[in-house]
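Tertiary structure, described
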Amino acid sequence: MTTPASITPTTLAATLALLRTRRPLVHNLTNAVVANFTANALLALGAAPAMAEGIDEVADFAASADAVVINLGMLSPKRATVMRMAAVSAAAAGKPWALDPVGVGAIPPRTRFAQDLCRLRPTAIRGNASEIMALAGEAGGGRGVDSGAQSEAAVAAARRLAGSTGAVVAVTGAVDYITDGTRVLTLHNGHELMTRVTGMGCAATAIVGACLALGGEALTSVAHALAITGIAGETAALTALGPGSMMVAFLDALPALDPKRLRTG
Amino acid sequence: MTTPASITPTTLAATLALLRTRRPLVHNLTNAVVANFTANALLALGAAPAMAEGIDEVADFAASADAVVINLGMLSPKRATVMRMAAVSAAAAGKPWALDPVGVGAIPPRTRFAQDLCRLRPTAIRGNASEIMALAGEAGGGRGVDSGAQSEAAVAAARRLAGSTGAVVAVTGAVDYITDGTRVLTLHNGHELMTRVTGMGCAATAIVGACLALGGEALTSVAHALAITGIAGETAALTALGPGSMMVAFLDALPALDPKRLRTG
Amino acid sequence: MTTPASITPTTLAATLALLRTRRPLVHNLTNAVVANFTANALLALGAAPAMAEGIDEVADFAASADAVVINLGMLSPKRATVMRMAAVSAAAAGKPWALDPVGVGAIPPRTRFAQDLCRLRPTAIRGNASEIMALAGEAGGGRGVDSGAQSEAAVAAARRLAGSTGAVVAVTGAVDYITDGTRVLTLHNGHELMTRVTGMGCAATAIVGACLALGGEALTSVAHALAITGIAGETAALTALGPGSMMVAFLDALPALDPKRLRTG
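As a convention, each chain's residues are numbered from 1 in the sequence order in which they are written. To label them, take the chains in the order written and letter them from A, then take the ligands in the order written and number them from 1. In view of the model being predicted, local features appear only for residues whose pLDDT reaches at least 70, and side-chain atom pairs are presented and counted only at 80 or more, with totals across whole chains, interfaces and linings using the full set of residues. As a rule here, side-chain values come from all non-hydrogen atoms in the structure, and water together with hydrogens is ignored.

1. Describing the pattern of salt bridges
Residues and elements named next belong to chain B. What makes a salt bridge here is a side-chain nitrogen of Lys or Arg within 4 Å of a carboxyl oxygen of Asp or Glu, nothing more. One pass over the full model with this rule turns up 33 salt bridges over all chains. The residue Glu234 makes a salt bridge to Arg261 at a minimum N-O spacing of 3.2 Å. Of this pair, Glu234 sits in helix 9 (residues 218-237) while Arg261 sits in the segment after helix 10 (243-253), placing them 27 residues apart in sequence. When accessible area is computed with a 1.4 Å probe and restricted to protein chains, residues below 20% of their type maximum are described as buried, those above 50% as exposed, and intermediate ones as partly exposed. Among the residues examined, Arg261 registers a relative accessible area of 30% and is labelled partly exposed. Numbering of helices and strands starts at the N terminus; helices are DSSP runs of H or I of at least 4 residues and strands are runs of E of at least 2.

Following this line, the structure appears as structure tokens:
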């Protein structure tokens, strides 16, 4: 596996600067558990979050945003309808959109809906190993919303999923893998304490949306987003005393991120 | 613009003491992004938050609370129905209610609903410049839920809105303006880092509700509420390392607020 | 009132170790105000939270979880339907479930629904004095979601409620009382600052769910859960500067809890 020359501290610094200058509006269809943390992560990074999901508002919001992020946590039939509207609207407006298949594999209706959304051609998909394997049609061993599998095991599934959907697919874990179906990038940033803060993966996908909004190559955008998340996490872990201060320090780290901490595979 | 003698460190200290003694029950119809932060801000200040929004509960709750706060973030048709019920019930029971027109101006249905709610005669309205201008029927340049305009530009709109609705109207930003249509107060507390924490404006409106619940003159109550918010923000910024610790320090500052930090125009 | 020999620092340490080893999946039907804090408290403790509440997902999720927690905050008719499905499904699958009767007593429809849920035989019920008294059919003086009564006053009501429902019933406050209808345990851990953080009681009930999931005697499990909550609270209060840092320090304390701080009655 190789990481192209495009993922370097210099290009990452340029992406961070662009986020702060352009302040992309990222429209998140997400769940009540992580909505606050997601919005705060985007604000801390310099992006502008929006969370509209009223059935009479969502399509307009999605079309006017710079990127849309759809997160399947706490899915309901009504929220599924609204999410589909947002994805259709983003696609019609030529806006990138990212899918976070939270809990896919654990419960059949959610898996089917995620596979259905994939037909609307997301720009990127980010999940843990279980979720990506389930979305690609494999048994991944997920339990609740946590991964039962190592991220390496899901790389083959991710490549196939990228091939079938046209999305850049990322499997995050101790090592992150990002693929467009052909190339596979690996990232080694992050810290174990991130797994003790709810919504870290959801924040990562929101940051994917922010980076996609800048309009560069999707593979690079997704890799930059996951590098940002991982570097913020490992920076936070330097001072965190536990899961609570980890969450706080993660938000504090985002505006002052050191791109030189980037560790590619 | 003049600030009446009623807004002083001494009267602010009296309001703070009254909040802690009376513990007003503030009923918030708000959104999932800010619900936790709003409730924590009210608790930290000494007030008692409630967030009921079931269609069979909301009217009774609103009538029995000491004040109601209606926040339009994440509006949906169903939540609009419930919000209207709460406003009607508060008004019928003679309870003050405050409106936070989140995102008004960005999406037409939300703007129409906010204008519709204004006919139910809110006691106070607090928004950023774009929201207040849109609510008054002007193009304000809002983008998503953030303001695209400076708060000074919205003062004329705020005065007209106060005149047409009977509400005290506040435009918050680097400087806060509070008007009853005739008088205009200005406040200079606050800190730029407050814009990096989601729900700071929503917390301000909830605190407006808490101060209105005490039953004094509405113009003074709204000014005190925004002074509390601003002083807590600038106190928090003294120790915050970034947006995460800013949110935490804001809540820590509320129970120990120094009224002598008040800076009127 | 006596505390049996089963509630000791040694048995508490064993429960903590078991939580971290087994990582029980706790399915929470809860409200938007506390969802993030609840999930983070469970993660910090070593448990695995899930929050699914879609009508087509909830029954499967509840049956596959190790315990279910039903929290009545922000109740709506639709959420009531989903909660009943979760309780029925948990019971049918032989899984323990805990009820948090948030706000019961303040609003009649919520009280009736909580009493209705009690017929589905919860394994445990945890509330403040007003809530437990109202659930047992007495006037408790609740106001909004806060208790208007001292926890001692609710002990008789708790014993009757335990007798009529078969649940272990806990009344929490400055002193916690836990009863199976016959025995009454008392715990003296905790700190006043816990009352200034929204969702502390909800987190306690979620932790009750996590401890019930381990499968020991329910009376001991509930007592251990409330001891964990109280010890984490008083540990957090040693360093907290106010309500914001209290919330953070509470989460930080959970993975590093000192069982020797246990203070039984």
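2. Remarks on the sheet that holds strand 7 (residues 176-179) of chain A
Within a beta sheet, neighbouring strands are joined by backbone hydrogen bonds and run either parallel or antiparallel to one another. Residue and element names in this part refer to chain A. With mixed pairing, the eight strands of this open sheet are ordered in space as 2-1-3-4-5-6-7-8. On the outer flanks of this sheet lie strand 2 (48-50) and strand 8 (184-187), each paired with one strand and no other. Strand-to-strand twist across the sheet, computed as the mean angle between neighbouring axes with direction ignored, equals 20 degrees. Looking at chain direction, strand 7 and strand 8 are connected through four bridges and run antiparallel. Bridge pairing in strand 8 links Tyr177 to Thr186. Sheet strands in contact with helix 8 (residues 200-212) are strand 1 (25-29), strand 3 (67-71), strand 4 (97-100) and strand 5 (124-127), and its direction is about 170 degrees off that of strand 4. In this scheme, strands are said to pair when DSSP sees at least two bridges between them. Every axis in this analysis is a line fitted to C-alpha atoms, fitted for helices over the stretch in contact. Angles between the N-to-C directions lie between 0 and 180 degrees. Note on contacts: a residue pair qualifies if any of its non-hydrogen atoms lie within 4.5 Å across the two residues.

3. A closer look at the sheet that holds strand 2 (residues 48-50) of chain C
Residues and elements named next belong to chain C. One open sheet holds the eight strands; their spatial order is 2-1-3-4-5-6-7-8, and the pairing between them is mixed. For this open sheet the edge positions go to strand 2 and strand 8 (184-187), each flanked by a neighbour on one side alone. Strand-to-strand twist of the sheet, defined as the mean angle between neighbouring strand axes without regard to direction, takes the value 20 degrees.

4. Describing the relation of the copies chain C and chain B
Mapping between the two chain copies consists of a rotation about an axis together with a translation along that axis. When the copies are superposed, the least-squares fit takes in the C-alpha atoms of residues with a pLDDT of at least 70 in both. Note on the copies: chain C fits chain B at an RMSD of 0.0 Å, the axial shift is 0.0 Å, and the rotation between them is 120 degrees. In short, the pair behaves as if placed about a three-fold rotation axis. Minimal C-alpha distance to the rotation axis in chain C is attained by Ala32(C), lying at 3.1 Å. The two copies present different faces, since only 11% of the interface residues in chain C are matched by interface residues at the equivalent positions in chain B.

5. Looking at the relation of the copies chain A and chain B
With an axial shift of 0.0 Å and an RMSD of 0.0 Å, the rotation relating chain A to chain B amounts to 120 degrees. Interface overlap between copies: only 10% of the residues of chain A at the interface are likewise at the interface in chain B, consistent with a contact formed by different surfaces.

6. Section: the interface of chain C and chain B
Taken together, the 27 residues of chain C in the interface contact 29 residues of chain B. Note: buried area is the sum, over both parts, of the accessible area (probe 1.4 Å) each one loses when the two are combined. For the pair chain C and chain B, the summed buried surface comes to about 2,200 Å²; carbon and sulfur atoms form 60% of the total. The interface formed by chain C and chain B holds one salt bridge in total. Between Arg110(C) and Glu57(B) there is a salt bridge whose closest N-O contact spans 2.7 Å. Under this definition, polar contacts are N or O atom pairs within 3.5 Å; protein pairs additionally need one hydrogen-donor-capable and one acceptor-capable atom, and for neighbouring residues in sequence, both atoms have to be side-chain atoms. Linking chain C to chain B there are nine residue pairs in polar contact (both at pLDDT 80 or more). Listing elements by their share of the side of chain C that touches chain B, those giving two or more residues are helix 4 (77-92), helix 5 (108-118) and helix 10 (243-253) of chain C.

7. Focus: the side chain of Asn28(B)
All names here are of chain B. Locating Asn28 in the fold gives a position in strand 1 (residues 25-29). A distance of 3.1 Å separates the side chain of Asn28 from the backbone oxygen of Val26, its partner in a polar contact. Leaving out residues up to four positions away in the same chain, Asn28 has contacts with Thr38, Leu42, Pro49, Ala50, Met51, Val69 and Ala206.

8. So, the state of the cysteines
Disulfides are defined as cysteine sulfur pairs within 2.5 Å. A full pass over the atoms with the stated rule returns zero disulfides over all chains. Here Cys211(A) stays free of any disulfide, with the sulfur of Cys202(A) as its closest cysteine sulfur at 17 Å.

9. Notes on the pairing of strand 6 (residues 168-171) of chain A
Residue and element names in this part refer to chain A. By the alternation rule, side chains of strand 6 split into Val168 and Ala170 and Val169 and Val171, which are all buried. In terms of strand pairing, strand 5 meets strand 6 through four bridges, oriented parallel. Note that in strand 6 the partner of Ala124 across the bridge is Val168. Two strands pair when backbone bridges link them, and strand 6 and strand 7 are joined in this way by three bridges, in the antiparallel orientation. Looking at the pairing, Val169 lines up with Thr179 of strand 7. Hairpin remark: strand 6 followed by strand 7, antiparallel, with four residues in the connecting loop.

10. Things to note about the side chain of Ser221(C)
Mapping Ser221(C) onto the fold places it in helix 9 (residues 218-237). Here Ser221(C) is in contact with Cys211(C), Leu212(C) and Gly216(C), once residues within four sequence places are set aside.

11. Considering the packing of helix 10 (residues 243-253) of chain A against helix 10 of chain C
At a minimum axis separation of 5 Å, helix 10 of chain A and helix 10 of chain C run at an interaxial angle of 125 degrees. On the basis of the axis angle, helix 10 of chain A is oblique to helix 10 of chain C. For the pair helix 10 of chain A and helix 10 of chain C, contact is made by Pro243(A), Gly244(A), Ser245(A), Met247(A) and Val248(A) and by Val248(C), Leu251(C) and Asp252(C), respectively. Charged means Asp, Glu, Lys or Arg here, nonpolar means Ala, Val, Leu, Ile, Met, Phe, Trp, Tyr, Cys or Pro, and polar covers whatever is left, Gly included. In terms of residue class, the contact of helix 10 of chain A with helix 10 of chain C is built from five nonpolar, two polar and one charged. Any angle between 65 and 115 degrees counts as roughly perpendicular, while under 35 counts as roughly parallel, over 145 as roughly antiparallel, and the rest as oblique.

12. What to know about the packing of helix 9 of chain B against helix 10 of chain B
Residue and element names in this part refer to chain B. The geometry of helix 9 relative to helix 10 is characterised by a closest axis approach of 8 Å and an angle of 125 degrees between their N-to-C directions. Considering the angle they form, helix 9 stands oblique to helix 10. Note on packing geometry: the crossing formed by helix 9 with helix 10 is right-handed. Here Thr229, Ala232, Gly233, Thr235, Ala236 and Ala237 of helix 9 lie close against helix 10, whose contacting residues are Met246, Ala249, Phe250 and Ala253. Of the residues belonging to the contact of helix 9 with helix 10, the class tally is seven nonpolar, three polar and no charged. By the definition used in this description, the sense in which the near helix is turned from the far one sets the handedness, with an anticlockwise turn below a right angle giving left-handed and a clockwise turn giving right-handed.

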